[in-house]
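As a plain string of letters, each chain reads:
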Amino acid sequence: MKIGTRGSPLALWQARAVQQAIQAAGGPPCELVVIRTTGDRLATRDLSTIGGKRLFVKEIEEALLNGRIDLAAHSAKDLPADLPPGLAIAAVLPRADPRDAVVLPHGSAAAGGALQSALGGGTPRVGTGSVRRVAQLCRAVPRARFLAIRGNVGTRLRKLDAGECDALVLAAAGLVRLGLAERVSARLTADECLPAPGQGIVAIEARESDQAAAAVLAGIDDSAAHVALTAERALVEALGGDCRVPIGALAAPDGANLTMDAVVASVDGRRMLRRRAHGSADAAAELGADLAARLLADGAGEILAPHLP
């Protein structure tokens, strides 16, 4: 089976994890096919203004639709809520730590594990390319100045260590997967910063008509992570959002039950709506859509309007 992937170190880690899971489950041999996307070519630009997440998956999904590859491995948080007709998320791997992490320059030591301790005093320059993080953290750390730092994890760390900012905020899962767990100075709680929908989950996209692939992937699908992702993606779809809008969400399955937190905030942090919902894990999509409806009733549409196409 041919697994399509971007060529960044983290993307390759994810694709190899899918390959290893398939092999461990007794599936067929797998080959990685590296595909350069528009997002890769424009990585230094503000993609939120020129197409958002779709730029990182467009060419990979085209290769999937035309049969060049059989599967596509993605960071679930990078997948747009609306998939092309004929494609579906066929399986997901177990979720890693979904939280965001504060990273300080190499050799620095935070005075404790909390957000405030990690950032220290003064007016810290915090690097992140995420409007979701800025929207939440500018309220938690009002003195901070947020800078747009882009590129893959290695590029961002080099910019941090070169003094372009005082701290980075990155997904903890990506750092751990790249063997960089020691760079984490603090892991942000969900109260401080709800993660991006799907953060920490590797999603496997396939053609809906490919029964052979479906049979292979059924043996590696993690049901708890899949339930959580279903709820989080349903929320984003109902809100009409993507990476260009400040939406955070985290669903936590507990057996047959599911608890989900979601936040919608203005980029300056002045307006923030946060809701929690409980429901059945068997109705994950409905729970996500219902939570979105409650946020919209609270005024989320007005907050999101400036960011939507």
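Our structure's up above, just so we're on the same page.
Here the structure is a predicted model, which is why all the values come from computation and not from measurement.

**Structural notes on the pairing of strand E11 (residues 247-254)**
- Two strands pair when backbone bridges link them, and E11 and strand E12 (residues 257-265) are joined in this way by eight bridges, in the antiparallel orientation. Each residue of the ladder has a partner; that of Ala-249, found in E12, is Ala-262.
- The hairpin formed by E11 and E12 contains two residues between the paired strands, and Gly-255 there has a positive phi angle of roughly 65 degrees.

**Regarding the sheet that holds strand E1 (residues 2-5)**
- The sheet built from five strands is open, its strands ordered E2-E1-E3-E10-E4 with mixed pairing. With partners counted over all chains shown, the strands left at the sheet margins are strand E2 (31-34) and strand E4 (87-92), one partner each. Adjacent strand axes in the sheet meet at a mean angle of 35 degrees when their direction is disregarded.
- Where E1 meets E2, four bridges bridge the pair, whose relative direction is parallel. Residue pairing across strands places Lys-2 opposite Glu-31, the latter belonging to E2.
- Helix H3 (residues 58-65) contacts E1, strand E3 (71-75), E4 and strand E10 (202-207) of the sheet and is inclined by roughly 40 degrees relative to E10.

**Describing the nonpolar core**
- Counting 24 residues, the largest nonpolar core has Leu-235, Leu-239, Ile-247, Leu-258, Met-260, Val-264 and Leu-295 as the members making the most contacts within it.
- Listing elements by their share of this core, those giving two or more residues are helix H9 (223-239), E11, E12, strand E13 (272-280), helix H10 (284-298) and helix H11 (300-304).
- With sequence-adjacent residues up to four places away left out, Leu-235 is seen in contact with Ile-247, Ala-249, Met-260, Ala-262, Gly-288, Ala-289, Leu-291, Ala-292 and Leu-295.
- Counting residues in each nonpolar core, the second largest holds 17 residues, with Ile-3, Ile-22, Leu-93 and Ile-204 among its members.

**A few points about H9**
- Taking 1.5 Å as the rise per residue, H9 with 17 residues should run 24 Å; its terminal C-alpha atoms sit 25 Å apart, in good agreement.
- In terms of residue burial, H9 counts as a mostly covered element, since twelve of its 17 residues are buried.
- The set of residues buried in H9 consists of Ala-225, His-226, Val-227, Ala-228, Leu-229, Ala-231, Glu-232, Arg-233, Ala-234, Leu-235, Val-236 and Leu-239.
- The secondary structure elements touched by the buried residues of H9 are E4, E10, E11, E12, H10 and H11.
- Just past H9, the residue Gly-240 takes up positive phi, approximately 75 degrees.

**What about the environment of Ala-224?**
- One can find Ala-224 in helix H9.
- Take Ala-224: its relative accessible area is 38%, and that puts it in the partly exposed class.
- Residues Ala-224 and Ala-256 lie 32 residues apart in sequence; the distance between their C-alpha atoms is 9.8 Å.

**Considering the pattern of salt bridges**
- Scanning the model with the defined rule gives 16 salt bridges in all.
- Taking the shortest distance from any N to any O, the salt bridge between Arg-274 and Asp-191 comes out at 3.8 Å. Of this pair, Arg-274 sits in strand E13 while Asp-191 sits in the loop between strand E9 (184-187) and E10, and the two are 83 residues apart along the sequence.
- The exposure class assigned to Asp-191 is exposed, which follows from its relative accessible area of 68%.
- Taken together, the salt bridges that share partners define one network made up of Asp-70, Arg-207 and Asp-210.

**A look at the packing of H9 against H10**
- Viewed as axis vectors pointing N to C, H9 and H10 meet at an angle of 35 degrees, and their least axial separation amounts to 7 Å. Pair H9 / H10 crosses with right-handed handedness. In this structure, H9 uses Val-227, Thr-230, Ala-231, Ala-234, Leu-235, Ala-238 and Leu-239 to contact H10, whose residues at the interface are Ala-284, Ala-285, Gly-288, Ala-289, Leu-291, Ala-292, Leu-295 and Leu-296.
- A breakdown of the residues in the contact of H9 with H10 according to their chemical character gives 13 nonpolar, two polar and no charged.

**Topic: the sheet that holds strand E6 (residues 125-127)**
- One open sheet accounts for five strands, arranged E7-E6-E8-E5-E9; its pairing is mixed. Of all the strands in the sheet, just strand E7 (145-147) and E9 have a single pairing partner and so form its edges. Strand after strand, the sheet turns through a mean of 30 degrees between neighbouring axes, direction not considered.
- Alignment of strand E5 (residues 100-103) against E9, held across three bridges, turns out to be antiparallel. Counterpart to Ala-101 in the pairing with E9 is Arg-187.
- Contacts from helix H5 (residues 131-140) reach E5, E7 and strand E8 (167-171), with the element oriented near 125 degrees to E8.
- Sheet contacts for helix H6 (residues 153-161): E5 and E8; angle to E8, the most-contacted strand, approximately 165 degrees.

**Focus: the side chain of Thr-128**
- With respect to the secondary-structure elements, Thr-128 resides in the loop between E6 and H5.
- Overall, the relative accessible area of 4% leaves Thr-128 in the buried class.
- If we ignore the near neighbours within four places in the chain, the residues touching Thr-128 are Arg-133, Val-134, Phe-146, Leu-147, Ala-148, Ile-149 and Val-169.

Reading the values: the criteria
- Residues numbered from 1 in each chain as written.
- Predicted model: local features only at pLDDT ≥ 70, side-chain atom pairs only at ≥ 80, totals over all residues.
- Heavy atoms only, no water.
- Pairing = 2+ DSSP bridges.
- Helix = DSSP H or I, 4+ residues; strand = E, 2+ residues; numbered from the N terminus.
- Axes fitted to C-alpha atoms, helices over the stretch in contact; angles between N-to-C directions.
- Contact = heavy atoms within 4.5 Å.
- Core = buried A, V, L, I, M, F, W, Y, C linked by side-chain atoms within 4.5 Å.
- Buried < 20%, exposed > 50% of the residue type's maximum accessible area, 1.4 Å probe, protein only.
- Expected span 1.5 Å × (residues − 1).
- Salt bridge = Lys/Arg side-chain N within 4 Å of Asp/Glu carboxyl O.
- Left-handed = near helix turned anticlockwise from the far one by under 90°.
- Nonpolar A, V, L, I, M, F, W, Y, C, P; charged D, E, K, R; others polar.

Bear in mind that shape data such as this cannot, by itself, settle questions of function.
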